[in-house]
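Now for the letters of each chain:
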Amino acid sequence: MPGTTSWHTLLETVAELPPDATLLTPLSRDPFQITETQEHRLLVEYKRESETVPLQREQFETLLQRVQDAAGGFSLDRLPSEAEPYATVLSLHPQFELDDKAGTLTETDTPSGSPLVDTDVGFESGSAAATKRTEREEPELPVYADALLLIDALERHDPTALDGMETAALVNLYTLLSDVQRNADDLRQDVSAVLLDRLHHDHPVNGQYGSVQRTARRNRSLKDDEDVLTVLADAGIDPERVTSVDPAKVDEALAVTELAESAVYEIERSEYVRKAEVDEEEKESRLQGLKDQLTGTDEETDELQREIEALEARIDDLTSFDSGASFRSPSGGET
């Protein structure tokens, strides 16, 4: 970063962050924490991978120069994935501002704080996250309840041998699959609406299980029939070339004639399974039983964890070595 003062200003700003402050990369939204500041670099740790990554001072200098050279702000889409944390950290500097929705990083005289810093969310290192036991929280979502019931049904029946499964079991599977599909799609639409505000252009954003990107779809609908026919006629197009039979108007005509439906329609009959009703009381009863089992499993796991920790502490006491301790031989003399 040009000038020692600017670099030290950034270090001072970082030092003022709460110990549990979690930062997010601007595009992929990967959470990370600044774990150490050094003379020429910062050390950050990604939450998912528990991986420590150095952010070098000279790379900050390069990014700063690009921001200053970019008219109207530096586009975050130009950042390679490994450079994303540089933009987040640089946005902590009082002379730079990151516009999360516009996807730009600009130099400014009126800083407003970085939108990618969360001081309310704690961050744990990999070792701490591995040992800490958190209380199970059940989301109040229909898809969660139905998915739990579906998992239970799949564990009790072999879905790879459907032909040998009893009819009642097949009905249960079909009902639960239908409910999960419907509720999952509702939740997917909600997630999509939130994601849309966080994605920029066609830049893919990666997560643990896949990636998404913002795309555009072009939808068309014809204007009023009379307007369309008039425009085409003025252009020398015979309106009869673009007119077609309207099924709705055909049905109206059939209703006032003695013509059979088959006279104007090609009719093919197909059969399918349709969910008729759902026994919500039975689902709720079974769901509560599964939740009770999970709670019992958690309690057993917690007890086992406590026993392991006590054993580890005992082993540590027996194997630790105190360099200042004196030991006596069986005959009573010091060694």
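Preceding this paragraph is the structure being described.
The paragraphs below set out a description of the structure included in this document. Please read these numbers as outputs of a predicted model, since none were measured by experiment. (Residues numbered from 1 in each chain as written. Predicted model: local features only at pLDDT ≥ 70, side-chain atom pairs only at ≥ 80, totals over all residues. Heavy atoms only, no water.)

### Overview of the side chain of S28
Cut-off, in case you're wondering: Each helix corresponds to a stretch of at least 4 residues labelled H or I by DSSP, and each strand to a stretch of at least 2 residues labelled E; elements are numbered beginning at the N terminus. Two N or O atoms form a polar contact when they lie within 3.5 Å of each other; inside protein one atom must be a possible hydrogen donor and the other a possible acceptor, and for residues adjacent in sequence the pair counts only when both atoms belong to side chains. The contact criterion used throughout is that any non-hydrogen atoms of two residues lie within 4.5 Å.
Mapped onto the fold, S28 is located in the loop between strand 1 (22–24) and strand 2 (31–37). Reaching out from S28, the side chain makes a polar contact with the side chain of T25 at a distance of 2.8 Å. In this structure S28 touches E84, V205 and N206, once residues within four positions along its chain are discounted.

### Looking at the sheet that holds strand 2
Here is the rule we go by: Two strands pair under a simple rule: DSSP has to find at least two bridges between them. Only C-alpha atoms enter the line fits that serve as axes; for helices the fit covers just the stretch in contact. Angles between N-to-C directions range over 0 to 180 degrees.
Across the sheet, which stays open at both edges, the five strands sit in the order 4-3-2-1-8 with antiparallel pairing between neighbours. On the outer flanks of this sheet lie strand 4 (51–56) and strand 8 (117–118), each paired with one strand and no other. Bridge count for strand 3 (residues 41–46) against strand 4 is six bridges, and the pairing is antiparallel. Across the sheet, the residue bridging to Y46 is E51, located in strand 4. Against the sheet, helix 2 (residues 57–69) contacts strand 3 and strand 4, and its axis sits at roughly 60° relative to strand 4.

### Re the packing of aromatic side chains
Here is the rule: Here the aromatic set is Phe, Tyr and Trp, taking the six-membered ring for Trp, and pairing holds for ring centres within 6.5 Å; pairs whose planes are under 30 degrees apart are stacked, those over 60 apart are edge-to-face, and all others are tilted. A 1.4 Å probe rolled over the protein chains alone gives each residue an accessible area, and that area as a share of the maximum for its type sets the label: buried under 20%, exposed over 50%, partly exposed in between.
Tallying each qualifying case throughout the model produces three aromatic pairs. Seen from their ring centres, W7 and F60 are 5.8 Å apart, and the 55° between their planes marks the pair as tilted. With W7 in helix 1 (residues 4–15) and F60 in helix 2, the pair connects residues that are 53 residues apart, well separated along the chain. Judged on exposure class, the residue W7 and its partner F60 are both buried. Between F32 and Y46, the aromatic rings sit 5.9 Å apart at their centres with planes inclined by 50°, giving tilted as the arrangement. Highlighted residues: F32 in strand 2 and Y46 in strand 3, separated in sequence by 14 residues. Residue classification places F32 among the buried positions, given a relative accessible area of 0%. Classification of Y46 by relative accessible area gives buried; the value is 12%. Joined through ring pairs, the aromatic side chains of W7, F60 and Y86 make up one cluster.

### A look at a nonpolar patch on the surface
The following threshold applies: Two joining distances apply to patches: 9 Å for like charges and 5 Å for nonpolar side chains (Val, Leu, Ile, Met, Phe, Trp, Tyr), and every residue must have over 30% relative accessible area and no salt bridge. In this description, accessible areas are obtained by the Shrake-Rupley approach with a 1.4 Å probe, and a residue is regarded as covered only by the protein chains that are shown. Throughout this description, the term salt bridge denotes a Lys or Arg side-chain nitrogen within 4 Å of a carboxyl oxygen of Asp or Glu.
Residues L141, L187, V191, L195 and V212 make up a contiguous nonpolar surface patch of roughly 340 Å² in combined accessible area. Per-element accounting of the nonpolar patch gives the leading share, three residues, to helix 6 (residues 167–196). Relative to the helices and strands, L187 resides in helix 6.

### A word on the environment of R182
By secondary structure assignment, the location of R182 is in helix 6. Taking the C-alpha atoms as reference points, R182 and V143, 39 residues apart in sequence, are found 8.3 Å from one another.

### Remarks on the pairing of strand 3
Counted residue by residue, strand 3 has five buried out of six residues, so it is predominantly covered. With five bridges joining them, strand 2 and strand 3 adopt antiparallel strand pairing. For Q33, the partnering residue across the bridge sits in strand 3 and is E45. Here strand 2 folds back onto strand 3 in antiparallel fashion, the turn holding three residues.

### Re the sheet that holds strand 7 (residues 104–107)
One open sheet holds the three strands; their spatial order is 5-7-6, and the pairing between them is antiparallel. Because the sheet does not close on itself, it has two edges, and the strands there are strand 5 (74–75) and strand 6 (96–99). In this structure, strand 5 lies alongside strand 7, joined through two bridges in antiparallel fashion. For S75, the partnering residue across the bridge sits in strand 7 and is T104.

### Observations regarding a negative patch on the surface
Rule in force here: Counted charges follow a simple rule, with Lys and Arg positive, Asp and Glu negative, and His plus the chain ends left uncounted. Every charge is mapped to an atom, namely NZ of Lys, CZ of Arg, CG of Asp or CD of Glu.
A grouping of D224, D225, E226, D227, D246, D251, E252 and E261 is seen on the molecular surface, where their side chains present a negatively charged patch. At the level of secondary structure, the elements contributing two or more residues to the negative patch comprise helix 7 (225–234) and helix 8 (247–255). In terms of residue count, the dominant contributor to the negative patch is helix 7 (three residues). Position of D224 among the secondary structure elements: in the loop between strand 10 (211–212) and helix 7.

### Regarding helix 6
Here is the rule: Expected span of a helix: the number of residues minus one, times 1.5 Å.
For helix 6, built from 30 residues, the straight-helix expectation of 44 Å at 1.5 Å per residue is met to within 8% by its first-to-last C-alpha distance of 43 Å. Residues of helix 6 that are buried: A169, L173, T175, L176, D179, V180 and N183.

### Things to note about helix 5 (residues 142–156)
In this model helix 5 runs 22 Å from its N-terminal to its C-terminal C-alpha over 15 residues, within 8% of the 21 Å that 1.5 Å per residue would give. What helix 5 keeps buried is the set V143, A145, D146, L148, L149, L150, D152 and A153.

Treat this as a map of the structure, not an account of what it does.
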